[in-house]
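Report on the structure
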Amino acid sequence: MSMPRRISVLGATGSVGAATLDLIERAPEGVYDVVALTARTNVLELARLAIKHRARFVAIADEACEPALREALAGHDIEIASGEGGVIEAAQRPADWIMAAIVGAAGLRPTLAALRQGRALAFANKECLVCAGALFMQEAAAHRTRLLPVDSEHNAIFQVFNSEDRGAIDAITLTASGGPFRTWDKIRMQSAGRADALAHPTWDMGAKISIDSATMMNKGLEVIEACWLFDLPEDQVRVVVHPQSIVHGMVHYADGSVLAQMGSPDMRTPIAHTLAWPERMAAPVERLDLTQAGRLDFEPPDLERFPALRLAREAVQAGGIAPTVLNAANEVAVAAFLDEQIGFLDITACVSEALDRAAGDEDMPSQLGAFDDVFAIDRRARVLARGLIGAPAGQNG
Ligand code: NDP
């Protein structure tokens, strides 16, 4: 019998983390050995998962949560750590496959630590590539890490992208559901509340990515992610709105062939693909029946109502500090919207303004040559964006 595969999940208590551990739980005994699990504040869920999966190491990012975690795991032989250092230590524990599913740029240091193990990194935490694309890819190459895309669109492309024949690839297409406001006019979007924006029509996801889907910034971040993962210029990464979320991604070949990957909208399919890669495994997802689906619709994205997609494209074209600023400002603005400090349309307006101000800001580093620059740009962009949140809604909107 072969050895169990050692796996770790960074962001175990989140939506992607839960889908990953659901697959692990269903596997026969002895197939997987859970090494490390991490969370930020969700002590009880982290402890429950650690006990259930007999994890050997757990880390909670918020140090104030460590005593509660120790209490919840009393009597269990599980090592406990806290703070960012603890999460990094979890990522460094030797594992054969690591799921990077922390949300936001906060995941960059732990994800880098996981990547530096030089094994398989199932990559969901797209903000890492948005804020540090070139450096991140250089690091992956230097450590010969196998980056396995988890985002459903990128996983779809990965499945149909013939890297042996790159010259024959004209472009790729990422599909977008269009989010909850696909059919809303701008006046209605102006008054959209938290609950409206969180009500994603096809995917069940964490709060930050749900809001990003509603603004379509998520698709913008995905365009940047795709440029890095597949080494393509921005104008070869197309986006099409497809409300049914059945076709996830397509590769366009020189002979006119378009290869697409389809499936029910369930993250367990792309996660299972990365878990079993280069083989395949069974996943407990609803089987796609196109006769039930009935029709597949496609439409171009409306950049007037969803300017975030345009901003992201401009940022990746501009290069330098722009994508890092875009990502940081967006994280700040999304958090402010979730706290009901700003309106829905203010999110993208804030990102746009932060990008403008960053360009002429004396305290903003002008170069991005090392990871320390990324962290400095991220910090400064957050200061600029927070300054804008205090501005009256009219100024942001
Ligand atoms: P969730 O918000 O559901 O989960 C985030 C996870 O990260 C939780 O475990 C959370 O812990 C942990 N976390 C949050 N902040 C920190 C921090 N500062 N330090 C350490 N850990 C932290 O997010 P999702 O699962 O939805 O998304 C995770 C990533 O995957 C994102 O980058 C997203 O864009 C990407 N993704 C998600 C998809 C989805 O279907 N959800 C699809 C494709 C990509 P706690 O629970 O304690 O807060």
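Just above sits the structure.
Here goes a summary of the coordinates provided. Position numbers for residues count from 1 along each chain, tracking the sequence in the order it is written. Where local features are concerned, this predicted model is filtered to residues with pLDDT of at least 70; where side-chain atom pairs are given and counted, the filter is 80 or more; whole-chain, interface and lining totals use all residues. With hydrogens and water stripped out, all remaining heavy atoms of the structure feed into the side-chain values.

Below, the discussion takes up the pairing of strand β8 (residues 169-176). As a general feature of sheets, a regular strand has side chains that alternate between the two faces. Of all 8 residues making up β8, 7 are buried, and the element is well covered by its neighbours. Relative to strand β10 (residues 247-253), β8 runs antiparallel, the two sharing 5 bridges. Looking at the pairing, Ala 171 lines up with His 252 of β10. Only protein chains enter the accessibility calculation, which uses a 1.4 Å probe. A residue is then buried if its area is under 20% of the maximum for its type, exposed if over 50%, and partly exposed in between. Numbered from the N terminus, helices here are DSSP runs of H or I no shorter than four residues, and strands are runs of E no shorter than two. Strand pairing is defined by DSSP finding a minimum of two bridges between the two strands.

The subject of this paragraph is the environment of Val 31. Structurally, Val 31 can be placed in the loop between α1 (15-26) and β2 (32-39). Linking Val 31 and His 242, residues 211 residues apart in sequence, is a C-alpha distance of 37 Å. Contact criterion: two residues are considered in contact whenever any of their non-hydrogen atoms come within 4.5 Å of each other. When residues no more than four places from it in sequence are discounted, the contact partners of Val 31 are Pro 4 and Arg 5.

What follows covers unusual backbone geometry. A cis amide bond, omega 10 degrees, links Trp 277 with the succeeding residue Pro 278. With respect to the helices, strands and loops of the structure, Pro 278 is situated in the loop between α12 (268-276) and α13 (290-293). One non-glycine residue, Ser 245, adopts positive backbone phi at about 50 degrees. Examined against the element boundaries, Ser 245 turns out to sit in the loop between β9 (237-241) and β10. The class for Ser 245 is buried, based on a relative accessible area of 3%.

A few words now on the packing of helix α11 (residues 217-230) against helix α15 (residues 322-338). Every axis corresponds to a line fitted to the C-alpha atoms, with the helix fit spanning only the stretch in contact, and the corresponding angles, defined between N-to-C directions, vary from 0 to 180 degrees. Taken N-terminus to C-terminus, the directions of α11 and α15 make an angle of 150 degrees; their axes are 12 Å apart at the nearest point. Overall, the two elements α11 and α15 adopt an arrangement that is roughly antiparallel. Remark: the crossing between α11 and α15 carries left-handed chirality. Across the interface between the two elements, Met 217, Leu 221 and Ile 224 from α11 touch Pro 323, Leu 326, Asn 327 and Asn 330 from α15. All residues other than Ala, Val, Leu, Ile, Met, Phe, Trp, Tyr, Cys, Pro, Asp, Glu, Lys and Arg, Gly among them, are scored as polar; the first ten of these are nonpolar and the last four charged. Its residues placed into classes, the contact of α11 with α15 shows 5 nonpolar, 2 polar and no charged. An angle counts as roughly parallel when it lies under 35 degrees, as roughly antiparallel when it exceeds 145, as roughly perpendicular when it falls between 65 and 115, and as oblique in every other case. In this scheme the handedness of a crossing depends on how the near helix is turned from the far one: anticlockwise by less than a right angle means left-handed, clockwise means right-handed.

Of all 8 residues making up helix α5 (residues 108-115), 7 are buried, and the element is well covered by its neighbours. Along α5, the residues classified as buried are Leu 108, Pro 110, Thr 111, Leu 112, Ala 113, Ala 114 and Leu 115.

Below, the discussion takes up the site of the ligand. Summary of the distance rule: residues count as near a molecule or strand when at least one heavy atom falls within 4 Å of that molecule or strand. Thr 13, Ser 15, Thr 41, Asn 42 and Glu 127 are the nearest of the 24 residues found near the ligand. In this structure, Gly 11 approaches the ligand through a main-chain N or O atom, which is 3.3 Å from an oxygen atom. Pairs of N or O atoms are called polar contacts if they sit within 3.5 Å, as long as, within protein, a hydrogen donor faces a hydrogen acceptor (for residues adjacent in sequence, only side-chain-to-side-chain pairs). For the ligand, an oxygen atom lies 2.9 Å from a polar atom in the backbone of Ser 15. For the shell around the ligand, a count of residues per class yields 12 nonpolar, 8 polar and 4 charged.

Take the pattern of salt bridges next. The rule for a salt bridge is simple: a side-chain nitrogen of Lys or Arg has to be within 4 Å of a carboxyl oxygen of Asp or Glu. Counted under the stated rule, the structure contains 31 salt bridges. Among the ionic pairs, Arg 56 bridges to Asp 33, the shortest N-O distance being 2.3 Å. With a gap of 23 residues between them, Arg 56 in the loop between α2 (43-52) and β3 (57-60) and Asp 33 in strand β2 connect regions that are remote in the sequence. The class of Arg 56 is partly exposed, set by a relative accessible area of 41%. Asp 33 gets classed as partly exposed once you look at its relative accessible area, which sits at 22%. Between Glu 234 and Arg 313 there is a salt bridge, and its shortest N-O distance comes to 2.7 Å. One end of the pair, Glu 234, is in the loop between α11 and β9; the other, Arg 313, is in helix α14 (residues 307-318), and 79 residues separate them in sequence. Since its relative accessible area comes to 14%, Glu 234 is described here as buried. A relative accessible area of 19% places Arg 313 in the buried class. Residues joined in a network through salt bridges with shared partners are Lys 126, Asp 151, Glu 153, Lys 219 and Glu 222.

It is worth spelling out the sheet that holds strand β1 (residues 5-10) at this point. Across the sheet, which stays open at both edges, the 7 strands sit in the order β4-β3-β2-β1-β5-β6-β7 with parallel pairing between neighbours. The sheet terminates laterally at β4 (79-82) and β7 (146-149), the two strands that pair on one side only. Strand-to-strand twist of the sheet, defined as the mean angle between neighbouring strand axes without regard to direction, takes the value 20 degrees. In this fold α5 packs onto β1, β5 (97-100), β6 (120-123) and β7, with an angle of close to 150 degrees to the strand it touches most, β6. With respect to the sheet, helix α6 (residues 127-142) is in contact with β6 and β7, its orientation differing from that of β6 by roughly 165 degrees.

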